[in-house]
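# An overview of the molecular structure
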Amino acid sequence: MDMPAEERLGLPLKRAEQRLMAAKHAAVKTAGLTVPQYAALLVLADNPGISAAALSRECLVTPQAMTVVLKNLLEHGLIERGPHQWHRTMLETHLTDAGREALRTADAAAVVIERRIADAFTPDERGTLRDLLARFTQAI
C-alpha cells in the first residue's frame with residue numbers, strides 16, 4: 001500500500017456521512033418522509049416552481065431518482081405540478097399545504113441533529129470545517 005490506512009480521509013468522511021444519513025432518516029421518518037423526499041421539500045420551499053431537472057441538481061440526485069421522489073410526493077398530496085406559464089413543456093412543482101406541514105414536522109426533527117452537530121464545534125471550528133470540506137471536494 002502506497003498510503004497507510006490511518007492517513008486516508010475517504011473512509012472517515014464516509015462513516016460520518018452514513019451516520020448523518022441514518023440519523024436524518026430516523027428523524028424525517030416521523031413525518032412519513034424519506035431523506036430524498038425531505039431534501040426535495042426543503043429545496044421546493046425556497047424555490048417554488050422549480051423544474052424537476054433543477055430540483056435534482058439541487059438535491060444531488062439523478063433526474064431519474066428525482067422522478068421517483070416527485071411521483072411519491074405527488075401521490076401523497078405533498079406537491080402539485082403544472083405547466084409553466086411561458087414554457088408549456090416544463091412542469092412547475094409547488095408544495096401543497098400538506099407538503100408544507102410534512103416539511104415543518106420533518107425539519108423540526110432534522111434541525112435537532114444539525115444543532116447537535118453544530119454544538120460539538122465552536123463557530124470558528126464550524127467555519128474551518130466548512131472550508132476544509134470545500135477543499136476536500138475541490139481536491140477530488
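The structure displayed is predicted, hence computed values, not measured ones.

So, about the pattern of salt bridges. Under the counting rule described, the total for this entry stands at five salt bridges. Residue glutamate 17 pairs with lysine 14 through a salt bridge whose shortest N-O separation is 3.2 Å. With a gap of three residues between them, glutamate 17 and lysine 14 both fall in helix H1 (residues 10–29), about one helical turn apart. A relative accessible area of 37% means that glutamate 17 is categorised as partly exposed. You can call lysine 14 partly exposed: its relative accessible area is 41%. The closest approach of N and O atoms between arginine 104 and glutamate 101, which form a salt bridge, is 2.9 Å. Of this pair, arginine 104 and glutamate 101 are both found in helix H5 (residues 97–119), three residues apart, which corresponds to roughly one turn of the helix.

Taken together, the buried positions of helix H3 (residues 52–59) are occupied by Ala54, Leu55, Ser56 and Cys59. Along its buried surface, H3 packs onto helix H2 (35–46) and helix H4 (63–75).

The next thing to look at is the layout of surface pockets. As a volume, the largest pocket reaches approximately 1,200 Å³. Glu17, Leu20, Met21, Glu114 and Leu133 are, among the 29 residues lining the largest pocket, the residues nearest its centre. Listed by contribution, the elements that provide at least two residues to the lining of the largest pocket are H1, H2, H3, H5 and helix H6 (123–139). Ranked by residues supplied to the lining of the largest pocket, first place goes to H1 with eight residues. Here the lining of the largest pocket is composed, by residue class, of 22 nonpolar, no polar and seven charged.

It is worth spelling out unusual backbone geometry at this point. Although it is not a glycine, leucine 60 adopts a positive phi angle of roughly 60°. Mapped onto the secondary structure, leucine 60 falls in the loop between H3 and H4.

Geometrically, a packed helix pair is captured by the angle between its two axes and the distance between the axes. In the contact formed by H2 and H3, the axes pass within 10 Å of each other and the chain directions differ by 115°. In terms of their interaxial angle, H2 and H3 are classed as roughly perpendicular. Of the two possible hands of crossing, H2 and H3 adopt the one that is right-handed. From H2, Ala39, Ala40, Val43 and Leu44 reach across to H3, where they touch Leu55, Glu58 and Cys59. Residue composition of the contact of H2 with H3, by class: six nonpolar, no polar and one charged.

Bringing the packing of H2 against H4 into the picture now. For the pair H2 and H4, interaxial distance at closest approach is 10 Å and the crossing angle is 80°. The angle between H2 and H4 places the two elements in the roughly perpendicular class. Of H4, the residues touching H2 (which contributes Pro36, Gln37, Ala40 and Leu41) are Met66, Val69, Asn72 and Leu73. Residues that form the contact of H2 with H4 fall into these classes: six nonpolar, two polar and no charged.

Cut-offs applied
- Residues numbered from 1 in each chain as written.
- Predicted model: local features only at pLDDT ≥ 70, side-chain atom pairs only at ≥ 80, totals over all residues.
- Heavy atoms only, no water.
- Salt bridge = Lys/Arg side-chain N within 4 Å of Asp/Glu carboxyl O.
- Helix = DSSP H or I, 4+ residues; strand = E, 2+ residues; numbered from the N terminus.
- Buried < 20%, exposed > 50% of the residue type's maximum accessible area, 1.4 Å probe, protein only.
- Contact = heavy atoms within 4.5 Å.
- 1 Å grid on protein atoms, 1.4 Å probe; cavity = no way out; pocket = protein on both sides within 12 Å on 5 of 7 lines; lining within 4 Å.
- Points joined across faces, edges and corners; volume = space filled by probe spheres on them.
- Nonpolar A, V, L, I, M, F, W, Y, C, P; charged D, E, K, R; others polar.
- Axes fitted to C-alpha atoms, helices over the stretch in contact; angles between N-to-C directions.
- Parallel < 35°, antiparallel > 145°, perpendicular 65-115°, else oblique.
- Left-handed = near helix turned anticlockwise from the far one by under 90°.

As far as function goes, none of this settles anything; it's purely spatial.
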